[in-house]
Amino acid sequence: MRSILHIDMNAFFASVEQRANPALRGRAMAVIGSENRGVILSPSYEARAFGVKTGMRYGEARLACPDIVFVPADSAKYSHACEQLIEIWRSFTPLVELFSIDEAFLDVTGCGALFGDPVQIALEIKERTWEEMKLTCSIGIGPNKLLAKLGSDMQKPDGLVLIAPDGIAVVLEDLPAKEICGIGPSLTQHLASLGIRTCGELGRAPLRLLCSRFGIIGERLRNMGLGIDDDPVAPLAAQQEEESKSMGHSMTLDEDCSDMPLIERHILQLSEKVGRRLRRGLYSGRTITLTLRYADFQTFTRQRRLRHAVNHGLDIYATAASILHELRLEQPVRLVGVSVSGLERDVEQVPLFVEERKRKFLAEAMDEINDRHGAFTVTWGTLAERHSHERIISPAWRPEGDRQY
Amino acid sequence: MKLKIKKEEILKGLQRIQGVVEKKNTMPILSNMLLIAEGSSIEIIATDLEIGLRGRYAAEVEKPGAVTVSAKKMYEIVRELPAEDLQIKVEDGNWVKIISGRSQFKLVGLPKDEYPSLPDVAEEGMIAIDGEILRDMIKKTLYSVGENDARYVLNGLFVHMSQVKGGLNIRMVGTDGHRLSMIDRVIDAKHKEESLIIPKKAMLELRRILEEDSPKGELRLGFSKNHALFKRDGLVMVSKLIDGNYPNYLQVVPAKSTKKVTIAKDVFTHAVKRVSILSKEKTNAVKMQLEEGRLILSTNNPEVGEASEELAVDYKGDSVAIGFNSRYLMDVLSAMDRQTIALELNDALSPCLITEEGDEHYKCVVMPMRV
């Protein structure tokens, strides 16, 4: 029997901001994407009391809570806090899987002799998190990741829930299936059409029915309903070993935009970021995808396959921009995304022609400077004025490895 | 149309065109060949609109005529025929009938007018060249020509002709952006100074023709603005040229090197082969370390293991360590014929020059990898 902890930081971005600025403490506030627009990334518990939720638009949030204070996201602060948290968690077990910037799984199986039982460990983590960082978290303890995550969701903020093996059936019986991590809205609908609403019902559903409807994930679904999950806690190092399939970035623009040169500039900035991440992971890729979201949230993607794998920002940009030029924009654009897939390991072959060699070496020199002094310290003139634009931290952010940029 | 022909004779013709006919079904007629019977011979013509091949083969023609028919099916049928002779008849509705011994085949044909005609290239001023010399030049350069490269000029072999003392200098250059090969040969001929780029596929076909049993003998080359023409007894090949500017290849051929070492080709080839067994699959990286008196080849693949081999060489100078794609090295080595080769190096990020001792007119350049 394993002992897994799921730690979910409470209103992480908001709490970090409140900790940094005393004037924000005790107030209804929320961390937002950018000054003028975007969505609520993290409301404080004071704001949540008014019904402000993550993902709301500003107008909606203000409607729910007129006195709310908006604070633009400061990714450096959150990643730094996350690194400190990881340090605390790693002092208990090396098996720490960062699930997102404010969530992690810890496998504390066999840590009993050193730190006591899982509940003692969870209490200790909560105490240290408060003492050292003035942050609170909810911790769920269970025999696997699925149940641990369920536990941390059950009591917020500052919760601690243990789901013991003999309590699993009771917890799951009437729990709506959509509460399980991995069962999203569309899956919920499909399940409902089969008359399955709760985890209890899912666990009792005939395997044949699930497999004929959902294919190979049928068995996994039923296991979810039964609270069975063999997925190991993959520590950070192992997570990075996993080969990435694609790399991409997207950003919500400060305001809806129909200005082609401006959209191109955003694409260049995103292409540069993607290129840098590819080079860092020694990757290059052949398929370039451009994602656009219109003002009415209609979202679509177009991709192009190249004959040669690329990892240079300008090559990615050239392709993404040529896709853009073939489109007829029907509405102002709200969000732009660029990604590269069909990844191959860049073989580190030095090009023969002098021009190409120069370009490769230039990119490497720029990477080196930007690694030391921060992203976009050295960049194309076109992007210079955009440097001040704070990026929104990606949920896939990792403190180490190729997801860092 | 009605004729009798020896299986061996027509098979030679059918074999030659298999590489030319279109395999992708973009234009169905291009998977056909054109057969023309006239006088005491037949002509077999095939084209993919880039390259055209026309050959003449001896036959007993009873009734002249022409038809087009699937090149692949015709080849497969003739190859399997039991007797030494066969008869070809075209019946109403363009049915092509093949009779040999007790076997009979009827193939769907199309009227000859639907077949695209080969471009006309004027035959004046053609250059005569020894088939063997040409074959050798192609062999030594074609391996490095690009394949499906977005820089489309790299998908062809660059040919430059210039008048020098003693005759006409023909230079061929191939590169795929990672390696390059360049050969110069002087032949007894006259031609104006000219540069052109010939598609890789045409050169592959030409090489195949030159590798047939009787490579000896003369071949004549001719060029028009858009086409190259190759002619040999009863055989004509036309190819479109690639239009564009070839990159400045001379710039990347190192003129001076700080480190030079000569080595027996066989010894080096086998060492590279052995060591590269354990190179990383995708990169084929081999590390080459040159020190005083020795050259060490090594590979390291964390998933499989590591290998190293030390070769004694006559070298006195600074040490250097450079990585290479072993496949690129092997390509160069198999294009070379002499017993001793020379490696010229500068540093880990500069091009490496490989030459055969005694032939300063053949140069191979390989760009390093980072290891």
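Placed above this text is the structure.
Residues numbered from 1 in each chain as written. Chains lettered and ligands numbered in written order. Predicted model: local features only at pLDDT ≥ 70, side-chain atom pairs only at ≥ 80, totals over all residues. Heavy atoms only, no water.

Observations regarding the overall build of chain A
Thinking step 1. Regarding its fold elements, chain A presents 17 helices and 12 strands.
Thinking step 2. When each of the 405 residues of chain A is scored for burial, the buried share is 49%.
Thinking step 3. When contacts within chain A are restricted to residue pairs at least 6 apart in sequence, long-range pairs at least 24 apart make up 65% of them. (Helix = DSSP H or I, 4+ residues; strand = E, 2+ residues; numbered from the N terminus. Buried < 20%, exposed > 50% of the residue type's maximum accessible area, 1.4 Å probe, protein only. Contact = heavy atoms within 4.5 Å.)

Some points on the pairing of strand β2 (residues 32–38) of chain B
Residue and element names in this part refer to chain B.
Thinking step 1. With five of seven residues buried, β2 lies mostly within the body of the structure.
Thinking step 2. Where β2 lies against strand β3 (residues 41–47), five bridges are found, and the strand directions are antiparallel. Each bridged residue has a counterpart across the sheet, and for Ala-37 the counterpart in β3 is Ile-42.
Thinking step 3. Between β2 and β3, which pair antiparallel and follow one another directly, the connecting turn spans two residues, one of which, Gly-39, has a positive phi of 60°. (Pairing = 2+ DSSP bridges.)

With respect to the packing of helix α1 (residues 7–17) of chain B against helix α2 (residues 71–80) of chain B
Residue and element names in this part refer to chain B.
Thinking step 1. Relative to each other, α1 and α2 sit at 145°, their axes nearing to 10 Å. Like other packed secondary-structure pairs, α1 and α2 cross with a definite hand, here left-handed. Contact residues: α1 offers Lys-7, Ile-10, Leu-11, Leu-14, Gln-15 and Ile-17, while α2 offers Ala-71, Met-74, Tyr-75, Val-78 and Arg-79.
Thinking step 2. In terms of residue class, the contact of α1 with α2 is built from eight nonpolar, one polar and two charged. (Axes fitted to C-alpha atoms, helices over the stretch in contact; angles between N-to-C directions. Left-handed = near helix turned anticlockwise from the far one by under 90°. Nonpolar A, V, L, I, M, F, W, Y, C, P; charged D, E, K, R; others polar.)

Description of the sheet that holds strand β8 (residues 160–162) of chain A
All names here are of chain A.
Thinking step 1. With mixed pairing, the five strands of this open sheet are ordered in space as β5-β6-β1-β7-β8. Strands with a single pairing partner mark the edges of an open sheet, and in this sheet they are β5 (96–100) and β8. For this sheet the average axis-to-axis angle between neighbouring strands, irrespective of direction, equals 15°.
Thinking step 2. Two strands pair when backbone bridges link them, and strand β7 (residues 137–142) and β8 are joined in this way by three bridges, in the parallel orientation. By the bridge assignment for β8, Ile-139 is matched with Leu-160.

A short note on the pairing of strand β11 (residues 156–164) of chain B
On any regular strand, side chains alternate: one points to one face of the sheet, the next to the other face.
Residue and element names in this part refer to chain B.
Thinking step 1. Most of β11 sits inside the fold, with seven of its nine residues counted as buried.
Thinking step 2. Pairing analysis gives six bridges linking β11 to strand β14 (residues 194–199), with the strands arranged antiparallel. Residue pairing for β14: Gly-156 is matched across the bridge by Pro-199.
Thinking step 3. Alignment of β11 against strand β12 (residues 167–175), held across seven bridges, turns out to be antiparallel. Residue pairing in the sheet places Val-159 in a bridge with Met-172 of β12.
Thinking step 4. Between β11 and β12, which pair antiparallel in sequence order, lie two residues; one of them, Gly-166, sits at a positive phi of approximately 95°.

A closer look at the packing of helix α5 (residues 265–275) of chain B against helix α6 (residues 326–335) of chain B
Residue and element names in this part refer to chain B.
Thinking step 1. Contact pair α5 / α6: the axes reach a minimum separation of 10 Å and the direction vectors enclose 150°. Classified by the angle their axes make, α5 and α6 are roughly antiparallel. Crossing hand, α5 versus α6: left-handed. Side by side, α5 and α6 meet where Lys-265, Phe-268, Thr-269, Val-272 and Lys-273 of the first sit next to Ser-326, Leu-329, Met-330 and Leu-333 of the second.
Thinking step 2. A class-by-class count of the residues in the contact of α5 with α6 yields five nonpolar, two polar and two charged. (Parallel < 35°, antiparallel > 145°, perpendicular 65-115°, else oblique.)

Topic: the nonpolar core
All names here are of chain B.
Thinking step 1. Judged by nonpolar contacts, the single largest core of 109 residues is most densely connected at Ile-10, Ile-42, Phe-268 and Ile-354.
Thinking step 2. No other element matches the six residues that α6 contributes to this core.
Thinking step 3. Setting aside residues no more than four positions away along its own chain, Ile-42 makes contact with Leu-3, Ile-5, Ile-10, Leu-35, Ile-36, Ala-37, Gly-55, Arg-56, Tyr-57 and Ala-59. (Core = buried A, V, L, I, M, F, W, Y, C linked by side-chain atoms within 4.5 Å.)

Brief notes about the interface of chain B and chain A
Reports often express the size of an interface as the amount of accessible area lost when the parts come together.
Thinking step 1. On the chain A side, the residues contacting the 24 residues of chain B number 15 residues.
Thinking step 2. Summed over both sides, the interface between chain B and chain A buries roughly 1,800 Å², with carbon and sulfur atoms accounting for 59% of that surface.
Thinking step 3. In terms of surface lost to chain A, no three residues of chain B exceed Val-252, Met-367 and Arg-370 of chain B, which account for 30% of the buried area on that side.
Thinking step 4. At the surface where chain B touches chain A, the tally comes to two salt bridges.
Thinking step 5. Across the pair Arg-370 of chain B and Glu-364 of chain A runs a salt bridge whose closest N-O atoms are separated by 2.7 Å.
Thinking step 6. For the pair chain B and chain A, the interface holds six residue pairs in polar contact (both at pLDDT 80 or more).
Thinking step 7. Among the residues forming the side of chain B that touches chain A, the class breakdown is 12 nonpolar, seven polar and five charged. (Buried area = accessible area lost by both parts, 1.4 Å probe. Salt bridge = Lys/Arg side-chain N within 4 Å of Asp/Glu carboxyl O. Polar contact = N/O pair within 3.5 Å; in protein donor to acceptor, adjacent residues only side chain to side chain.)

Description of unusual backbone geometry
Thinking step 1. Here the residue pair Lys-156 of chain A and Pro-157 of chain A is connected by a cis peptide bond, since its omega of -5° sits within 30 degrees of zero.
Thinking step 2. Looking at where Pro-157 of chain A falls in the secondary structure, it is placed in the loop between α7 (145–154) and β8.
Thinking step 3. Of note in this structure, Leu-282 of chain A is not a glycine but carries a positive phi near 55°.
Thinking step 4. One non-glycine residue, Asn-94 of chain B, lies in positive phi territory at about 60°.
Thinking step 5. Along the chain, the position of Asn-94 of chain B falls in the loop between β7 (85–91) and β8 (95–100).

Quick look at the pattern of salt bridges
Thinking step 1. Following the criterion strictly, the structure yields 43 salt bridges over all chains and no others.
Thinking step 2. The closest approach of N and O atoms between Arg-359 of chain A and Asp-315 of chain A, which form a salt bridge, is 2.8 Å. Of the two residues, Arg-359 of chain A is situated in helix α16 (residues 354–373) and Asp-315 of chain A in helix α15 (residues 313–326); the sequence distance between them amounts to 44 residues.
Thinking step 3. A salt bridge links Arg-171 of chain B to Asp-184 of chain B; the nearest nitrogen and oxygen atoms lie 2.9 Å apart. You can see Arg-171 of chain B sitting in strand β12 and its partner Asp-184 of chain B sitting in strand β13 (residues 179–187), a full 13 residues away along the chain. The residues Arg-171 of chain B and Asp-184 of chain B share a single accessibility class, namely buried.

Some points on the packing of aromatic side chains
Residues and elements named next belong to chain A.
Thinking step 1. Counted by the stated rule, this structure contains nine aromatic pairs over all chains.
Thinking step 2. Relative to Tyr-78, the ring of Phe-13 lies with its centre 4.1 Å away and its plane at 5°, an arrangement referred to as stacked. Here Tyr-78 lies in helix α4 (residues 75–90) and Phe-13 lies in helix α1 (residues 12–20), a separation of 65 residues in the sequence.
Thinking step 3. Of the residues examined, Phe-13 reaches a relative accessible area of 10% and is grouped as buried.
Thinking step 4. Aromatic side chains Tyr-58 and Phe-70 sit 5.1 Å apart centroid to centroid with 35° between the ring planes, which places their arrangement in the tilted category. Taken together, the residues Tyr-58 in helix α3 (residues 58–64) and Phe-70 in strand β4 (residues 69–72) connect sequence positions 12 residues apart. Neither Tyr-58 nor Phe-70 differs from the other in exposure class; each is buried.
Thinking step 5. An aromatic cluster is built from Phe-12, Phe-13 and Tyr-78, whose rings are joined through pairwise contacts. (Phe/Tyr/Trp six-rings, centres within 6.5 Å; stacked < 30°, edge-to-face > 60°.)

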